[in-house]
Amino acid sequence: MHATDNLVLITDLDGAIEWVNDAFVRTTGYPLQEAKGRRPGELLQGPDTDPATVEVMRSAVRDGRGFATEVLNYASSGREYWVHIEAHPVRDERGTLTRYIAIETDVTDRRRTEENLRRATETALSLAQEKAGFLATMSHEIRTPLNAVLGVSALLEGTDLDAEQQEYVRTAQRSGKLLLALVNDILDFSALDSGRIDVEARGFSVTDLINDIEAMFSTTVAANNGLALTFSVADDVPAIVVGDENRIRQVLLNLVGNGLKFTHHGAVGVALSIAPDRGPESGTDPHDGMSLRIVVADTGIGIAADRQERIFLAFTQVDASTTRNYGGTGLGLSICRLIAHHLGGSLALDSAPGEGSTFTFIVPVERTVAVPAAQRPPAAPSPEGVSSLRVLLAEDDATNRMVALRMLSRLGVAAEVAQDGEQAVDMVRANDFDVVLMDVHMPRLDGIAATAAIHDMCTDRPRPRIVAVTANALGGDRERLLAAGMDGYLSKPMTLGALEGVLVAVANGDLTRSSSVPEPLTARTATVIPDASRTSGDHGGTVERATVSR
Ligand code: ADP
């Protein structure tokens, strides 16, 4: 007992110390004479000693039992240390309890390490939050000037340019769109990766979804001789299902986009059917649940077996030459798989090099008898009436103002301008506008406050439609803006097609808050655009329009 580094103390039946070893004296700073006759509790416990632990030890001693626990003690100097205590009752030959012996190990270092780990975890969590905030701000800050770059180069493209100049402008456009796609992907990936996404459950038409996808890729398909894009929907797939249409569309766009990108001859086929079960995370609740199975199969270059799992990792492609030959960031499939998991489904791959790839996306949905909430606008809305609209543009940034005004003038619209929210409210008070294009971040009065003011002012007169124009592209933004009283939403960089879509909706009286709000381009929609222009020399106009006209 003298030689060990463990602390040893012996107490009598009342718990008063009879003897302690040298290690006890070294650690506590109390010599034997001082410790003798006192209870370990009163000698060693202090303000931060856990009272519940003390009670456990006391009651064990009262009942004549041994115990083992960890407790915070205080040395005579006030220094805190943690010990693991093992206490045993000691009995004589007749089995009568005579005293207690306690053996204590100093576990301060281990405790400290645990505490540090806990703190490190907390720090990591708060850093992750900061990172998410940083990404949101960064993407907003990048989008604002990018909006101007893309807008101005689109305008430049429409001027009298020679062949060389046209080539320069197209390169600037293509690079701008790629940069935008990258920003969107990084933002989307980070939101999905940290689980910050809301899953929507709304009724949507499966046929409409398929038609949208077909329309979006029509330019790409048309530009590739001998490449076909086919769709088939099994008979038992209901016309309308309840699920997260936007996320399902995003996955489909990505898979079909990849299929077309990596297939040079043959076809990309999309087949929808009902999966026999709800997929890997299926619950036992069968009420109206079922799973859609969406199979995207191509006859393209295929993927070697040892690469098949890797391509689902962020920023990975089959090999380094992929970026050179096909572009892309390697984020698409990782985003798709995260989405599949968030929706409670799965995404799997079957592929053979030289033969093609088959992606199987299984996603739980529900049956419904109700019609979809949002009735679609007419398939080909006529732009007539747009030029007669009275438009107010509220935008504080001079470059973006110029871009928007030029786009409007392309559409035959002469708009008036407000430089901040306060001015916008004043101008609405004094004039009758049909629509206000409202920047969200503005000095003096922001777009949300200005919208509230316009609502208040227009209780007894017709209210102009208010369309938010914002560089925020985070999930939930659209809902937040609509909840604030906006009727529609355009995300920056604003495209001519999207702007036209909104104005046509206003002119047709279709833009009401509950329905037919043009969706912002989803993250992956944007990536499709450069592909279309790569193969056709067309600038993806069809692609954009197909997206925004719904
Ligand atoms: P990227 O933006 O690079 O296309 P993805 O995550 O969508 O990123 O795809 C990752 C990689 O997986 C691609 O770069 C490509 O090498 C490979 N890949 C994806 N889809 C296919 C396909 N249908 N056929 C062959 N290879 C594919």
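Parameters and conventions
Residues numbered from 1 in each chain as written. Predicted model: local features only at pLDDT ≥ 70, side-chain atom pairs only at ≥ 80, totals over all residues. Heavy atoms only, no water. Pairing = 2+ DSSP bridges. Helix = DSSP H or I, 4+ residues; strand = E, 2+ residues; numbered from the N terminus. Axes fitted to C-alpha atoms, helices over the stretch in contact; angles between N-to-C directions. Contact = heavy atoms within 4.5 Å. Core = buried A, V, L, I, M, F, W, Y, C linked by side-chain atoms within 4.5 Å. Buried < 20%, exposed > 50% of the residue type's maximum accessible area, 1.4 Å probe, protein only. Domains from an automatic or database assignment. Salt bridge = Lys/Arg side-chain N within 4 Å of Asp/Glu carboxyl O. Polar contact = N/O pair within 3.5 Å; in protein donor to acceptor, adjacent residues only side chain to side chain. Parallel < 35°, antiparallel > 145°, perpendicular 65-115°, else oblique. Left-handed = near helix turned anticlockwise from the far one by under 90°. Nonpolar A, V, L, I, M, F, W, Y, C, P; charged D, E, K, R; others polar.

A. Focus on the sheet that holds strand β17 (residues 488-491). Taken together, the five strands give an open sheet; going across it, the order is β14-β13-β15-β16-β17, and neighbouring strands pair in parallel fashion. Unpaired on one side and paired on the other, β14 (416-418) and β17 mark the two borders of the sheet. Within this sheet the neighbouring strands show an average axis-to-axis angle of 20°, counted without direction. Looking at chain direction, strand β13 (residues 391-394) and β14 are connected through three bridges and run parallel. Counted as the bridge partner of alanine 394 is alanine 418 from β14. This element, helix α12 (residues 421-430), spans β13, β14 and β15 (435-439) of the sheet and lies at about 135° to β14.

B. Quick look at the nonpolar core. Within the largest apolar cluster, 47 residues are counted, with the highest numbers of intra-cluster contacts made by Phe217, Ile248, Val256, Ile294, Phe359 and Phe361. There are two domains that each give this core at least three residues, and those are domain 2 (119-193) and domain 3 (202-373 + 529-548). Counting 25 residues, the second largest nonpolar core, distinct from the first, contains Ala404, Leu408, Val502 and Val506.

C. Broad picture of the pattern of salt bridges. Following the criterion strictly, the structure yields 24 salt bridges and no others. Taken together, the shared-partner salt bridges in this structure form one network comprising Glu70, Arg110, Arg111 and Glu114.

D. Representation of the side chain of glutamate 70 in the model. Mapped onto the secondary structure, glutamate 70 falls in strand β3 (residues 67-74). Side chain to side chain, glutamate 70 and arginine 110 meet in a polar contact 2.9 Å long. Within the structure, glutamate 70 has its side chain in polar contact with the side chain of arginine 111 (distance 2.9 Å). Those residues in contact with glutamate 70, other than ones at most four positions away along the chain, are Thr53, Trp82, Val83, His84, Val107, Arg110 and Arg111.

E. The environment of threonine 495, seen in detail. On the secondary structure map, threonine 495 appears in the loop between β17 and α15 (496-507). Spatially, the C-alpha atoms of threonine 495 and methionine 407 are 8.4 Å apart, while their sequence positions differ by 88 residues.

F. Highlighting the packing of helix α5 (residues 108-157) against helix α6 (residues 163-193). With their axes 10 Å apart at the nearest point, α5 and α6 run at an angle of 160° to one another. With respect to each other, α5 and α6 are oriented roughly antiparallel. For the pair α5 and α6, the sense of crossing is left-handed. Counting all contacts with α5, which are made through Leu135, Ala136, Ser139, Ile142, Arg143, Leu146, Leu150, Ser153, Ala154, Leu156 and Glu157, the residues of α6 involved are Val169, Arg170, Gln173, Gly176, Lys177, Leu179, Leu180, Val183, Asn184, Ile186, Leu187 and Ser190. Partitioned by chemical class, the residues of the contact of α5 with α6 number 13 nonpolar, six polar and four charged.

G. Focus on the pairing of strand β5 (residues 97-106). Sheet topology note: the strand β1 (residues 7-12)/β5 ladder contains six bridges and is antiparallel. Bridged to valine 8 within β5 is isoleucine 103. Pairing analysis gives nine bridges linking strand β4 (residues 80-91) to β5, with the strands arranged antiparallel. If you follow proline 89 over to β5, its bridge partner there is tyrosine 100.

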